Amino acid sequence: MNSEHLKTAAISTLVAATLVTGVVVLVPGRDELSPRPAPGSPGGRAAAAAATGIPAALDDLTSLIAERERWLEAHPRDGESWALLGSAYVQRGTRLADWGAFPKAESALHRSLEALPAEEGNTEALVGLATLANARQDFVTARALAERAVKQRPKRWTAYPALIEACNGLGDYKAVIKAMDTLTSLHTGSQALGLAARVYRNRGWREDAAATAYDAVGSASNRAEKAVALQQLGDLAWERGEPQEAVEAYDRALKLAPDLHPALASRARALAALGRTDEAFRDYQTALEELPLPQYALEAGELYESLGLNGDAQSQYELMRTSATKAGEYGVNQELVLALYEADHGDPEAAVRRLQSEWNRKHRSIQVADALGWALFKAGRAKEALPYARRATDEGLRSPQFSYHRGEIERELGLWGPARRHLAEALRINPHFSPLLAPLAADALTALGELPEGGPRKVTGEEPDAEPVRGDGGTGGGQVKPKQEPSERPRSGGAGPSADGAGTGYGAGAGTGSSGTDASGAGSSATGSSGTYSGGTGQGTNPGDAGAGQQAPPSRQSPGRSAGTAPRQNANAQPPASGGPGNARPGGN
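None of these values were measured; they are calculated from a predicted model.

Caption draft 1: Inspection of the overall build of the protein chain at higher detail. Broken down by element type, the protein chain carries 24 helices and 6 strands. Scored against the burial criterion, the 589 residues of the protein chain give a buried share of 59%. Total accessible area on the protein chain is roughly 22500 Å²; 52% of this is exposed by carbon and sulfur atoms.

Here you go:
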């Protein structure tokens, strides 16, 4: 669905929140008279779960909060209890979309720092504040706090999840890998394995992600922890385009933890893909009653809209806006989900403004890059959109939504080969990725038609000159005449430049760069820097895209100019800070 990656971000934040209470371990200066929750009591179970960073049952979490509140009324200088209470509030707010818990969390964590300053060893309050900032989608603040905590206690593993989440939100994936390596060297429990699986998935290492997620299930020490790991297995199955396997994993998770509402919403998505729409609507309704997250309402609305139930869809969209507005009142950033809605169902220019603001705040994740590129495209600014779409797809995550968005942008720009490849890739990754967008991807691919017949006239560069052939590798009516260089092999930068970088492709065989496999089709193919791909009847250069030598479909071919004449993009250029007009490529951090 259009908000697919929002759910991943929400789940990541939720799991990070379940880890944060685990950082509260014997803060120096703790009131020695402070009693710990009785073993076996609801609060004791929640505290025991917190000690290892695993999810606590919601009823137990509520009991823990009540116990600490009562204690602190009489012992306001107990820094450890304030940190534990604040972290428990963060978890409650994240797991129940109880945004009113966040100001309470912030107050409690600052009270902890008043009782024991960070400089004197109160790492726990720093990590609690970092996780709160992540939950509010304030990744710059979260990173600064998490880095202070890590610097203060580099061997405490529970400080790293907040740092990883913040770096993900900022799009600093090198820092994510570095922090993840340190975390796994310090801790090998189910929580660390689950986080590693998400990192591997975001890098495109799907086999490693699946294997690590299975290990997380096997390493789980209680029902709640195992349910979270099973939900992750379901998410990975869904992303592979296996909805039935995903449903089975979600069923197992919900049997262990019926209050794991993200698994319920995820199951709704998979059930819709299987055509079980009544069950899907039931799960969405239940999830929204218990966890009114804007992204769930957006998904439900798009499912209604795909079935022609526009009145019900509008009701869900209104619920989405109401929920996002309420979250914003408590400092929770919902710009991404609101922008996704505006791009597809409202005002694309408003979506551009929201996302440019996020980009300028250094929120440069692949999710924001993809959304900004799509919003620019929907606003009629396809040339500006392409660099952002490239950034989203080039980081590694195999997202059908990202591939679809890029394919449509390329189709609008007349880059027929790359467009064909990315649209096909979206449907190959997951043909059910969105009830609204997947059918549009199939229609767009059909409109592009098959690759033109015939193969390259010159492969080795030593064949005799051929007659002029039709293709899109040059200018002027699509006619190309081979160069008079019989002894020279084709080089990067030859006829028919594409919008991407180095690598060469020849032939009419269809293939994919991202998977490194050659699909069926006549003619030869060549391997570029990111895999095997196809060329066309001319020659083209790019890093895994189709060579720009393919003849454009008549319905979209502009007179007097072939698709191969699209301007080449500078791979090292940076976009304007505002994300506004320009042909630059999105920059780094």
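Caption draft 2: Here's a closer look at helix α7 (residues 139-152). Its 14 residues place the ends of α7 20 Å apart at the C-alpha level, agreeing with the 20 Å of an ideal helix rising 1.5 Å per residue. The elements touched by buried residues of α7 are α6 (123-135), α8 (160-170) and α9 (173-186).

Caption draft 3: Region of interest: the pattern of salt bridges. The final tally for this structure, using the stated rule, is 26 salt bridges. As a salt-bridge pair, Arg 143 and Glu 147 come within 3.0 Å of each other at their nearest N and O atoms. Placement of the pair is Arg 143 and Glu 147 together in helix α7, with a separation of 4 residues, close to one helical turn. Among the residues examined, Glu 147 registers a relative accessible area of 38% and is labelled partly exposed.

Caption draft 4: Representation of the packing of helix α10 (residues 190-202) against helix α12 (residues 223-239) in the model. Two elements in contact, α10 and α12, have axes separated by 10 Å at closest approach and are oriented at 15 degrees. One way to sum up the angle between α10 and α12 is to call them roughly parallel. For the crossing formed where α10 meets α12, the hand is left-handed. In contact with Ser 190, Gln 191, Gly 194, Ala 197, Arg 198 and Arg 201 of α10, α12 contributes Glu 225, Gln 232, Leu 236 and Glu 239. When its residues are assigned to classes, the contact of α10 with α12 shows 2 nonpolar, 4 polar and 4 charged.

Caption draft 5: Summary view of the environment of Ala 297. If you trace the backbone, Ala 297 turns up in helix α16 (residues 294-306). With 26 residues separating them in the primary sequence, Ala 297 and Ser 323 have C-alpha atoms 8.8 Å apart. When near neighbours in sequence (up to four residues on either side) are disregarded, Ala 297 contacts Leu 288, Gln 316, Leu 319 and Met 320.

Caption draft 6: Looking closely at the packing of aromatic side chains. Counting across every chain of the model gives 8 aromatic pairs. Measuring from centroid to centroid gives 5.3 Å for Tyr 317 and Tyr 341, while their planes differ by 55 degrees, and the two rings are tilted. In this pair, Tyr 317 is assigned in helix α17 (residues 310-329) and Tyr 341 in helix α18 (residues 335-345), connecting sequence segments 24 residues apart. Here Tyr 317 falls in the buried class, since its relative accessible area comes to 0%. With a centroid separation of 5.2 Å and an interplanar angle of 85 degrees, the aromatic rings of Trp 359 and Tyr 388 are classed as edge-to-face. A residue pair is termed long-range when its members are at least 10 positions apart, and Trp 359 in helix α19 (residues 348-360) and Tyr 388 in helix α21 (residues 382-394) qualify at 29 residues. Per residue, the accessibility class of Trp 359 equals that of Tyr 388, and both read buried. The rings of Trp 374, Phe 377, Tyr 404 and Phe 433 are connected pair by pair, giving a single aromatic cluster.

Caption draft 7: How the structure looks around helix α22 (residues 400-412). Taking 1.5 Å per residue as the helical rise, α22 with its 13 residues ought to reach 18 Å, and the 18 Å between its terminal C-alpha atoms agrees with that figure. Counted residue by residue, α22 has 12 buried out of 13 residues, so it is predominantly covered. Turning to α22, its buried residues are Pro 400, Gln 401, Phe 402, Ser 403, Tyr 404, His 405, Arg 406, Gly 407, Glu 408, Ile 409, Glu 410 and Arg 411. Downstream of α22 by one or two residues, Gly 414 has phi in the positive range, about 80 degrees.

Caption draft 8: Spatial organisation of the side chain of Gln 91. Checked against the element boundaries, Gln 91 lands in helix α4 (residues 79-96). Given a relative accessible area of 1%, Gln 91 falls into the buried group. Within the local environment of Gln 91, its side chain forms a polar contact with the side chain of Arg 95, the two groups lying 2.8 Å apart.

Caption draft 9: Representation of the nonpolar core. With 136 residues, the main nonpolar core has Ile 164, Leu 183, Leu 355, Tyr 404 and Phe 433 as its most contacted residues. If you tally residues by element for this core, the top one is helix α20 (residues 366-378), at 9 residues.

Caption draft 10: Local environment of unusual backbone geometry. The phi dihedral of Ala 97 falls on the positive side, at around 50 degrees, and the residue is not glycine. Residue position: Ala 97 is located in the loop between α4 and α5 (101-115).

Caption draft 11: Representation of the environment of Ala 197. Checked against the element boundaries, Ala 197 lands in helix α10. Counting along the chain gives 12 residues from Ala 197 to Ala 209, while the straight-line C-alpha distance between them is 4.2 Å.

Caption draft 12: Representation of the packing of α20 against α22. For the pair α20 and α22, the least separation of the axes is 10 Å and the interaxial angle reads 35 degrees. Here the hand of the crossing between α20 and α22 comes out left-handed. Along its contact with α20, which presents Ile 366, Gln 367, Asp 370, Gly 373, Trp 374 and Phe 377, the element α22 presents Gln 401, Phe 402, Tyr 404, His 405, Glu 408, Ile 409 and Glu 412. Its residues assigned to classes, the contact of α20 with α22 comprises 6 nonpolar, 4 polar and 3 charged.

Rules used throughout
Residues numbered from 1 in each chain as written. Predicted model: local features only at pLDDT ≥ 70, side-chain atom pairs only at ≥ 80, totals over all residues. Heavy atoms only, no water. Helix = DSSP H or I, 4+ residues; strand = E, 2+ residues; numbered from the N terminus. Buried < 20%, exposed > 50% of the residue type's maximum accessible area, 1.4 Å probe, protein only. Areas by Shrake-Rupley, 256 points an atom, 1.4 Å probe, with all protein chains shown as cover. Expected span 1.5 Å × (residues − 1). Contact = heavy atoms within 4.5 Å. Salt bridge = Lys/Arg side-chain N within 4 Å of Asp/Glu carboxyl O. Axes fitted to C-alpha atoms, helices over the stretch in contact; angles between N-to-C directions. Parallel < 35°, antiparallel > 145°, perpendicular 65-115°, else oblique. Left-handed = near helix turned anticlockwise from the far one by under 90°. Nonpolar A, V, L, I, M, F, W, Y, C, P; charged D, E, K, R; others polar. Phe/Tyr/Trp six-rings, centres within 6.5 Å; stacked < 30°, edge-to-face > 60°. Polar contact = N/O pair within 3.5 Å; in protein donor to acceptor, adjacent residues only side chain to side chain. Core = buried A, V, L, I, M, F, W, Y, C linked by side-chain atoms within 4.5 Å.

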